[in-house]
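# Structural features, examined
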Amino acid sequence: MSQETNYKAELVGVFGHPVAENPTIVMQEAAFQALNLNWRYLTIEVYPQDLADAVKGLRAFNMRGINLTIPHKVEILKYLDEIAEDAKLMGAVNTVRREGDKLIGENTDGKGFLRALRDDARLNPAGKRAVILGAGGAARAITVELALAGAAQITVVNRSVERGQTLANLLKQKTPAAAEFVPWDDTYKIPTGTDILVNATSIGLFPEVTARPDIDYDSITAAMTVCDVIPNPPHTPFLKEAEARGATTLDGLGMLVYQGAIGFKMWTGLNAPIEVMRQALAQAFGQSV
Ligand code: NDP
C-alpha cells in the first residue's frame, strides 16, 4: 500500500422526510465526478423525532456537511454551534458546514437567487423595488437576501394574510428595506416602477405545469426582471408571459443550481462546475438543455 492510498470518502448529504425524490444528489455527485473528488452525497431519510440523533451521527461520522429539507429546516437550529446572520433572520437553515468541530448553519436558497440575479440577469438589487408573490420558505429566503443586498422596497403579496404580514414585519423590523404586505385576494396588478418580480409560490410546480399565478400579465413591462422559483419544469407559463412582454427572465432551475453550487463551495472550498450541475439536474427533470 503506497503512502498516498486513501480509501476514505468525504461525506455530505441531505436529511429529510420524505426525501426519496430530492434531486440534489444528482447535481452534487456530478460535480464531485467532474472535479475528480472522492466525495459522496447521501440522501438520508430522517424522521422528525430522530433529528437530534442524526446530528450526533453526522458529527460521529465526521461528515463535512449536510443539507436539510422538509421538515428539518427550522428544527435543526437547536443542534448547531453557530448560525449565519441571514439564516438567523430567516429562522431556517438548509445547509450545514463544518469548521473544525463546529457545525455552522447557513441558508443558500436566497443566496442562489441573488447569484442568478447578478450573474445571469446582470442586475444589482441595491436601490431596486421588488414584488414577491408568496410568503413561504422560498419567499422568506429571497426577500431577506434582497433586503440585505440593499433593495429599497419589497412588496410581499400573499394569499394567507398572517404569513404575508409576518414576513413584511420581519423585513421592516430587522432589515434596512422598506417593506409592505398586500393581501392577494384578486388579480394582482404589478405596480409601475417595479424592477424585480418573483413568483415564490409553488404555483406551476410539476405536475401542475399549466398553472400560473393570478396577476395582470399586461402590467409586466420590458424594464422588469421576472423570476420564478419553480425548478421543474423551469420554463413556466408565468415566465412565458413575462418573455412575451419583453421582460428579462430567470428560472428556478438556475436558482437551484446556484444554491447547490454555493453549498458545494462551502463544503469543498472549490468553485463548483455550474454547467455540469445544471445539465445533470435538467436531465433528471427530463428537460433538454
Ligand atoms: P411553502 O409551502 O413554504 O410556501 C408556499 C407559498 O405558495 C405560500 O406563500 C402559499 O401561500 C403560496 N401558494 C401556494 N399555492 C397557492 C395558490 N394556489 N394561490 C396563491 N398562493 C399559493 O413552500 P416553499 O416556499 O418552501 O416553496 C415554494 C416553491 O419554491 C416550491 O415550488 C419549491 O419547489 C420552490 N423552491 C425552489 C427553490 C429553488 O432553488 N429553485 C428553493 C426553494 C423552494 P399561502 O401562505 O397563502 O398558503
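Just so it is clear, the structure is predicted and the values come from calculations on it, not from any experiment.

What follows covers the overall build of the chain. The helix and strand tally for the chain stands at nine helices and 12 strands. For 289 residues, the compact-globule estimate of 2.2 N^0.38 gives 19 Å, and the chain sits close to it at 19 Å. The principal-axis extent of the C-alpha atoms belonging to the chain is close to 70 × 40 × 35 Å. Long-range contacts, defined as pairs at least 24 residues apart, comprise 69% of the intrachain contacts of the chain with a sequence gap of at least 6. Looking at the chain as shown, the accessible area adds up to about 13,500 Å², and 50% of this sits on carbon and sulfur atoms. Within the chain, the 33 negative side-chain charges are centred at a point lying 4 Å from the centre of the 28 positive side-chain charges.

Glancing now at the site of the ligand. Every one of the 21 residues lining the ligand counts as a neighbour, but Ala135, Ala138, Asn158, Arg159 and Ser160 are closest to it. Here an oxygen atom of the ligand and a side-chain polar atom of Asn158 are 2.8 Å apart. In the environment of the ligand, an oxygen atom lies 3.4 Å from a nitrogen or oxygen atom belonging to the backbone of Leu256. A total of 930 Å² of accessible area belongs to the ligand in isolation, and the protein chains cover 74% of it.

Let us now look at the sheet that holds strand E8 (residues 153–158). Reading across the sheet, the six strands line up as E9-E8-E7-E10-E11-E12 and stay open at both edges, with parallel pairing between neighbours. Single-partner strands in this sheet number two, and they are strand E9 (178–183) and strand E12 (248–250). Put simply, the sheet's adjacent strands are angled 15° from each other on average, direction ignored. Sheet topology places strand E11 (residues 225–228) next to E12; three bridges connect them, and they run parallel. Across the sheet, the residue bridging to Thr225 is Thr248, located in E12. Taken strand by strand, helix H5 (residues 137–148) contacts strand E7 (129–133), E8 and strand E10 (196–199), and its axis lies near 170° from that of E7. Contacting E8 and E9, helix H6 (residues 161–174) runs over the sheet at an angle of about 175° to E9.

Glancing now at the side chain of Asn107. Note on placement: Asn107 falls in the loop between strand E6 (102–106) and helix H4 (109–120). Judged by its relative accessible area of 3%, Asn107 is buried. In terms of polar contacts, Asn107 uses its side chain to reach the backbone carbonyl oxygen of Ala92, at 2.9 Å. Engagement of the side chain of Asn107 in a polar contact is seen with the backbone nitrogen of Asp109, the distance being 3.1 Å.

On to the side chain of Asn199, then. With respect to the helices, strands and loops of the structure, Asn199 is situated in strand E10. A polar side-chain atom of Asn199 sits 3.0 Å from a polar atom in the side chain of Asp228. The contact partners of Asn199, leaving out residues within four places of it in the chain, are Leu133, Pro213, Cys227, Asp228, Val229, Ile230 and Phe238.

In this section: the layout of surface pockets. Of the volumes computed, that of the largest pocket is approximately 1,800 Å³. Every residue lining the largest pocket is counted, 49 residues in all, and those nearest its centre are Thr69, Ile70, Lys73, Ala138 and Leu205. If you list the elements that add at least two residues to the lining of the largest pocket, you get strand E3 (65–68), H5 and helix H8 (252–268). Grouping the amino acids of the lining of the largest pocket by side-chain chemistry returns 25 nonpolar, 18 polar and six charged. Among the domains, domain 1 (10–107 + 254–284) and domain 2 (110–250) are the pair contributing at least three residues each to the lining of the largest pocket.

Counting buried residues along E6, four of its five residues qualify, which places the element largely inside the surrounding structure. Pairing geometry for strand E4 (residues 82–83) and E6, over two bridges, is parallel. Following the sheet pairing, Glu82 is matched in E6 by Ile104. From the end of strand E5 (residues 95–99) to the start of E6, which pair antiparallel, there are two residues, and Gly100 there has a positive phi angle of about 65°.

Domain boundaries assigned for the chain yield domain 1 (10–107 + 254–284) and domain 2 (110–250). The C-alpha centroid of domain 2 is placed 25 Å from the C-alpha centroid of domain 1. Listed by partner, the interface residues are 13 residues for domain 1 and 19 residues for domain 2. Summed over both sides, the interface of domain 1 with domain 2 buries roughly 1,300 Å², with 67% coming from carbon and sulfur. When residues of domain 1 are sorted by the area they lose upon contact with domain 2, Leu89, Met255 and Tyr258 head the list and together hold 49% of the total. On the surface where domain 1 and domain 2 come into contact, there are two salt bridges. Residue Asp86 is joined to Lys111 by a salt bridge in which the shortest nitrogen-to-oxygen separation is 2.6 Å. Where domain 1 packs against domain 2, one counts three residue pairs in polar contact (both at pLDDT 80 or more). If you list the elements that add at least two residues to the side of domain 1 that touches domain 2, you get helix H3 (85–90), H8 and helix H9 (274–284).

Criteria and cut-off values
Residues numbered from 1 in each chain as written. Predicted model: local features only at pLDDT ≥ 70, side-chain atom pairs only at ≥ 80, totals over all residues. Heavy atoms only, no water. Helix = DSSP H or I, 4+ residues; strand = E, 2+ residues; numbered from the N terminus. Rg over C-alpha atoms; globule rule 2.2 N^0.38 Å. Contact = heavy atoms within 4.5 Å. Areas by Shrake-Rupley, 256 points an atom, 1.4 Å probe, with all protein chains shown as cover. Lys, Arg positive; Asp, Glu negative; His and termini not counted. Charge placed at Lys NZ, Arg CZ, Asp CG, Glu CD. Near = heavy atom within 4 Å. Polar contact = N/O pair within 3.5 Å; in protein donor to acceptor, adjacent residues only side chain to side chain. Pairing = 2+ DSSP bridges. Axes fitted to C-alpha atoms, helices over the stretch in contact; angles between N-to-C directions. Buried < 20%, exposed > 50% of the residue type's maximum accessible area, 1.4 Å probe, protein only. 1 Å grid on protein atoms, 1.4 Å probe; cavity = no way out; pocket = protein on both sides within 12 Å on 5 of 7 lines; lining within 4 Å. Points joined across faces, edges and corners; volume = space filled by probe spheres on them. Nonpolar A, V, L, I, M, F, W, Y, C, P; charged D, E, K, R; others polar. Domains from an automatic or database assignment. Buried area = accessible area lost by both parts, 1.4 Å probe. Salt bridge = Lys/Arg side-chain N within 4 Å of Asp/Glu carboxyl O.

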